[in-house]
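Residues per chain, in single letters:
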Amino acid sequence: MRRSSVLVIDDERLIRWSIAAELEERGYDTREAETSDQARVEVERGVDAIVLDQELPGVDPMELLRELRARAPDVPVIMLAGEGNGSTKLVDGASQLLHKPFEPSQVGAAVESACRLARTDGGESDPLSESRGAALSRLRGQSQALEDLKDTLVRVAASPARAILVVGENGTGRHLAARVFHELSDRAERPLRHLGGGRSSREMLETVLAGSEGGTLLIDGVDGLSRDVQEGLLRFLEIPSETRVVVVAGPDLALALARGALRTDLHEMLAAVRVRVPSLRERQGDVRVLTRHFVHRLGSLLDSPVRDVDERALELLDRYDWPGNVRELRDMLEHAMLVCDRTTLDAADLHDLENGIDPAAAYTLPPKGLDLKELERNLVIQALERTSGNRTRAAELLRMTRDQMRYRVAKFGLDNA
């Protein structure tokens, strides 16, 4: 499902950044241009709204506005006027006029209003589509992997499936995907209840199910449920009910199944409809989108002066493998913003990335190839030996989560390592 796109045209990078961050927070896809030539190219690609600085250097803004409207006559344009321009008269061809200084939220509200009016004038207003678009906008990014996930969520939400298994590496946003799935379904107005593993009892399961009232039950840590609770869940799924069960599971699910911690018949029933959330390293280009989102969001939460990230830092973030996925990216940015007293993060602020990986350690494949499984086993053994068996520190050496390390320890029979 395509999100509305907005082109932000301004020669000041910080202004473009803050406006784009606000719009992405509201669920829009954004593109940026700092020159009239870049703007023309982006408009030709197609956009749903334009935010245009009235004072682009070396450009007649009125002439550019007329040209853009000729290229895209139905696209609303929000003009940004400079502080010295006291005129409140709406420029011919513009939908709205905002004066600097302004808050990004004012631009966001103006774009929403203009887009809503454009949809209404075109007879395209669809409240259901808008609500689903708002739900999908919470999954931030523009990569093909993320678009595939969104398509899957929309398709499965419209299906009659009673049980859905949401899987993926830790930190990928599995719980967010599960909540978005609920919002996409025809149960969105009904309750979303949560049941954790571990200490959950049969009575607790029955209480939560009774309170779901035809909505969605979200279960986390199904492999940690007792045999009694698993049997109760299995019995519930075998009887007719409007309540859906969405189970969130991580890398340890296969291990739990192999060890008998998870019932085979329950797993088969849950895994009939499986949704996989991609890792961050599969989501090409999304690191920059997420970085902008987190910087914008954390800036106010942390009372941090940081509002931007320079290109060198973005390149470092792009190259990193992110074994901890989106959660690791957010945690790293939060730490950097807490200690930074400037408006822009640079490469030095991301010292864990700058210094954490030795480029000389890159491995060259031997001419005759190798046994990848055996290489992985040897690396896990070396990491455990180097850390005296401390799995958390061994996981850090191999740029993986502790759960991923625990899985490999069991996979290679290294429980006594």
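To start, this report covers the structure provided alongside it. (Residues numbered from 1 in each chain as written. Predicted model: local features only at pLDDT ≥ 70, side-chain atom pairs only at ≥ 80, totals over all residues. Heavy atoms only, no water.)

### With respect to the overall build of the chain
Just so we agree on the cut-off: Numbering of helices and strands starts at the N terminus; helices are DSSP runs of H or I of at least 4 residues and strands are runs of E of at least 2. The buried label goes to any residue with under 20% of its type's maximum accessible area, the exposed label to any with over 50%, and the partly exposed label to all in between, with areas taken from a 1.4 Å probe on protein chains only. Surface exposure here means Shrake-Rupley accessible area, sampled with a 1.4 Å probe, where a residue is shielded only by the protein chains that are shown.
When helices and strands are counted, the chain shows 18 helices and twelve strands. Counting only residues that meet the buried cut, the chain has 46% of its 417 residues in that class. A total of about 20800 Å² of accessible surface is found on the chain, and carbon and sulfur atoms cover 48% of it.

### Things to note about the pattern of salt bridges
Heads up, the condition is: Salt bridge, as used here, is a side-chain nitrogen of Lys or Arg placed within 4 Å of a carboxyl oxygen of Asp or Glu.
Taken as a whole, this structure holds 31 salt bridges when the rule is applied. Here Glu-67 ties to Arg-71 by a salt bridge, and the two come within 2.9 Å at their closest N and O atoms. Of this pair, Glu-67 and Arg-71 both sit in helix α3 (residues 61-71), four residues apart, which is roughly one turn of that helix. Among the residues examined, Arg-71 registers a relative accessible area of 37% and is labelled partly exposed. With a shortest N-O distance of 2.8 Å, Asp-349 and Arg-342 are connected by a salt bridge. Exposure remark for Arg-342: the relative accessible area of 34% places this residue in the partly exposed category. One connected set of salt bridges, linked through shared partners, spans Asp-37, Arg-40, Glu-44, Glu-67 and Arg-71.

### Things to note about the side chain of Gln-230
Here Gln-230 lies in helix α9 (residues 227-237). Residue classification places Gln-230 among the buried residues on the basis of a relative accessible area of 0%.

### Some words on the nonpolar core
Threshold: Working definition of a nonpolar core: buried Ala, Val, Leu, Ile, Met, Phe, Trp, Tyr and Cys residues. They are joined through side-chain atoms within 4.5 Å. Two residues qualify as a contact provided that any one of their heavy atoms is within 4.5 Å of a heavy atom in the partner residue.
Core analysis: the biggest nonpolar cluster contains 24 residues, and Ile-219, Val-222, Leu-237 and Leu-266 have the highest contact counts within it. Where this core is concerned, the elements lending two or more residues are β6 (163-167), α8 (202-212), β8 (216-220), α9, β9 (244-249), α10 (253-259) and α11 (264-270). Not counting residues within four places of it along the chain, the set of residues in contact with Leu-266 comprises Val-222, Gln-230, Leu-233, Leu-234 and Leu-237. Within the second largest apolar cluster, 23 residues are counted, among which are Leu-280, Val-309, Met-337 and Leu-345.

### Here we look at the sheet that holds strand β1 (residues 5-9)
The criterion, for reference: When DSSP locates at least two bridges between a pair of strands, those strands are taken to pair. An axis is simply a line fitted to the C-alpha atoms; with a helix, the fit covers only the stretch in contact. Between two such axes, the angle follows the N-to-C directions and lies from 0 to 180 degrees.
The sheet built from five strands is open, its strands ordered β2-β1-β3-β4-β5 with parallel pairing. In this open sheet, the two edge strands, each paired with only one partner strand, are β2 (29-33) and β5 (96-99). Pairs of neighbouring strands in the sheet enclose a mean axial angle of 20 degrees, with direction left out of account. As judged from the five bridges shared by β1 and β2, these two strands associate in the parallel manner. The residue bridging Leu-7 from the neighbouring strand is Arg-31, located in β2. The sheet strands contacting helix α1 (residues 13-25) are β1, β2, β3 (49-53) and β4 (77-81), and the helix crosses β2 at an angle near 165 degrees.

### Thoughts on the packing of aromatic side chains
Each aromatic ring pair is specified by the distance between its two centres and by the angle formed by the two planes. For clarity, the threshold we go by: Pairing of aromatic side chains requires ring centres within 6.5 Å, counting the rings of Phe and Tyr and the six-membered ring of Trp. Pairs whose planes differ by under 30 degrees are stacked, by over 60 edge-to-face, and all others tilted. Either the NZ atom of lysine or the CZ atom of arginine qualifies as a charge over a ring when it sits within 6 Å of the ring centre and within 35 degrees of the ring normal.
Tallied over the entire structure, the rule returns one aromatic pair. For the ring pair Tyr-320 and Trp-322, a centre distance of 4.5 Å and an interplane angle of 90 degrees mean the geometry is edge-to-face. Note on accessibility: Tyr-320 and Trp-322 belong to one class, buried. The ring of Phe-236 carries Arg-162 above its face, with NZ or CZ at 5.1 Å from the centroid.

### Some points on the pairing of β6
Within a regular strand, the side chains alternate between the two sheet faces. Within β6, five of the five residues are buried, leaving the element largely enclosed by the surrounding structure. Judged by which residues are buried, β6 turns out to be covered on both faces: Ala-163, Leu-165 and Val-167 on one side and Ile-164 and Val-166 on the other are all buried. Bridge count for β6 against β9 is five bridges, and the pairing is parallel. Counterpart to Val-167 in the pairing with β9 is Ala-249. With three bridges connecting them, β6 and strand β10 (residues 274-276) associate as parallel partners. The partner of Val-166 across the bridge, within β10, is Val-275.

### Focus: the environment of Val-289
Tracing the backbone shows Val-289 in helix α12 (residues 286-301). Residue classification places Val-289 among the buried residues on the basis of a relative accessible area of 12%. The spatial distance from the C-alpha of Val-289 to the C-alpha of Ala-20 is 9.7 Å, given a sequence separation of 269 residues.

### Re unusual backbone geometry
Phi angles above zero are rare outside glycine, and Asp-303 is one such case at about 55 degrees. Mapped onto the elements of the fold, Asp-303 is located in the loop between α12 and β11 (308-309). Phi at Trp-322 is positive, roughly 55 degrees, even though this residue is not glycine. Looking at the element boundaries, Trp-322 is found in the loop between α13 (311-319) and α14 (325-339). Look at Trp-322 and you get buried, because its relative accessible area is 1%.

### Concerning the packing of helix α16 (residues 372-386) against helix α18 (residues 402-411)
How we decide: Orientation is classified from the angle alone, with under 35 degrees giving roughly parallel, over 145 giving roughly antiparallel, 65 to 115 giving roughly perpendicular, and any other angle giving oblique. By definition, any crossing whose near helix is turned counterclockwise from its far helix by less than a right angle is left-handed, and any crossing with a clockwise turn is right-handed. Polar here means any residue outside two lists: the nonpolar Ala, Val, Leu, Ile, Met, Phe, Trp, Tyr, Cys and Pro, and the charged Asp, Glu, Lys and Arg; Gly therefore counts as polar.
Running from N to C, α16 and α18 cross one another at 115 degrees; their axes reach a closest spacing of 11 Å. When the axis of α16 is compared with that of α18, the two are roughly perpendicular. Regarding α16 and α18, the two cross each other, and that crossing is left-handed. Where α16 approaches α18, its residues Lys-373, Glu-376, Val-380 and Leu-384 are matched on the opposing element by Met-405, Arg-408, Val-409 and Lys-411. Looking at side-chain class alone, the contact of α16 with α18 contains four nonpolar, no polar and four charged residues.

The values are spatial; any link to function lies outside them.
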